[in-house]
Structures are given as structure tokens and as C-alpha cells.
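One letter stands for each residue in the lines below.
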Amino acid sequence: MPAAPDSEPGPSGAPPRGGLDEVFPAVYQELRRVAHRHLGGERTGHTLGTTALVHEAYLELARLEQIRWPGRAYVLAAAGRAMRRILIDYAVARRAQKRGGGVAAEPLDDAVAMAVTRGDELLALDESLDRLGEANPRWARVVECRFFGGMSVEETAEALETSPATVKRDWTMARAWLNRELGE
């Protein structure tokens, strides 16, 4: 796990990254649980592990310069988005190796949403989520926070600077939209 410096320079001699190193350790275990859930349905011998996924997400966030991290909800949201990109990149690379696909995507609901981890399903979800982002960016951000970030309604509301009621409505509408897209 990346260590939180006590306001000492980082490994490269640079000053701490605007709070990321202070906030990340506080959400590390939660991110490990989210990563474990995402990787839980993968085949035996899967080369991307829970710790590696969390650390890759940290490295993605650490590359962002001049970012202030006001709290854990913001780090969870950003880490969720980073994990989405990492998982998608991994699935694309694996699909290219397999030269195939054709696995039907499962509907996205509360139970299934937490189990959608196989590469082809993840790619279908990612493509649908991109289309959702074009149609309604806030709905897409809610899905990223709730599904990829493993965030609660309240954490998502804080990260998106909206109300929990709006997040609940958006989550319901986004799932319906994605179910229709994934069902086609």
C-alpha cells in the first residue's frame, strides 16, 4: 500500500500530491474490497489481482497533477473510474488474445451489477456506459461511482455534489437504461 508521507517529499523528491497520499490509505481497504468483488468472477490463473488493481488505480491517480482531494468520496469516485479503465484495458487485451467473444451480457441490477466481472460482459457494460455518458453524463457518473467505485448513495451524492435522492433516482434510471441497452 502506498504510504502516507508526513509532509515529507515523495519518492521523487516532489512534495505530497495535494492530499492523495493522506486520503488514499483511509480508503485502501475499501478499494481492495471493491477490486476483489470485480475480480471475483474471473477465471483461475487470472493475472490481475486485487492488490495489483488497487495499486494500478493509485498510480493512475498519482499521475494527476495539481489535483486537490477534499475527502474520501472524491478519492473513491476517482479510483472507481481508474479501476474501470484498467479493467477495460485488461479485457480488451485479453479479447484480442482470444480473438472471439459473443458472450451475451447479463442485465444490470443490484445483484448482477456486483457480479459482472467477466471480460466480455465488462466490455459490453463499458460500451453501454459510454453511450449513457453521451445521453446523460450524470447518470454515467452515478454508475461509475456505485458500480466501479463501490460507493454508497451518500458517498456518491457527496462526490457528485448532489442530493442522495437525486442519486437514487439517477441510479434507478441509469440501470433501466443500461438493462435496455445490454438486452439488445
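Data block above holds the structure.
Please read these numbers as outputs of a predicted model, since none were measured by experiment. (Residues numbered from 1 in each chain as written. Predicted model: local features only at pLDDT ≥ 70, side-chain atom pairs only at ≥ 80, totals over all residues. Heavy atoms only, no water.)

## Remarks on the nonpolar core
Counting 52 residues, the largest nonpolar core has Phe 24 and Leu 132 as the members making the most contacts within it. For this core, the secondary-structure elements that each account for two or more residues are α1 (20-39), α2 (50-62), α3 (72-98), α5 (119-135), α6 (137-148), α7 (153-160) and α8 (164-183). At 13 residues, α3 tops the list of elements feeding residues into this core. (Core = buried A, V, L, I, M, F, W, Y, C linked by side-chain atoms within 4.5 Å. Buried < 20%, exposed > 50% of the residue type's maximum accessible area, 1.4 Å probe, protein only. Helix = DSSP H or I, 4+ residues; strand = E, 2+ residues; numbered from the N terminus.)

## Some thoughts on the environment of Arg 85
Its place among the elements puts Arg 85 in helix α3. Sequence spacing of Arg 85 and Glu 60 is 25 residues, and the spatial spacing of their C-alpha atoms is 9.6 Å.

## Describing the pattern of salt bridges
Enumeration over the complete set of coordinates arrives at 11 salt bridges. In this structure, Arg 84 engages Asp 126 in a salt bridge whose closest nitrogen and oxygen atoms are separated by 2.5 Å. A residue pair is termed long-range when its members are at least 10 positions apart, and Arg 84 in helix α3 and Asp 126 in helix α5 qualify at 42 residues. Each member of the pair, Arg 84 as well as Asp 126, is classed as buried. Arg 131 is the salt-bridge partner of Glu 181, the closest N and O atoms lying 2.8 Å from each other. Of this pair, Glu 181 sits in helix α8 while Arg 131 is found in helix α5, placing the two residues 50 residues apart along the sequence. Judged by its relative accessible area of 15%, Glu 181 is buried. A network of salt bridges, in which partner residues are shared, links Arg 81, Arg 84, Asp 126, Asp 130, Arg 141 and Glu 144. (Salt bridge = Lys/Arg side-chain N within 4 Å of Asp/Glu carboxyl O.)

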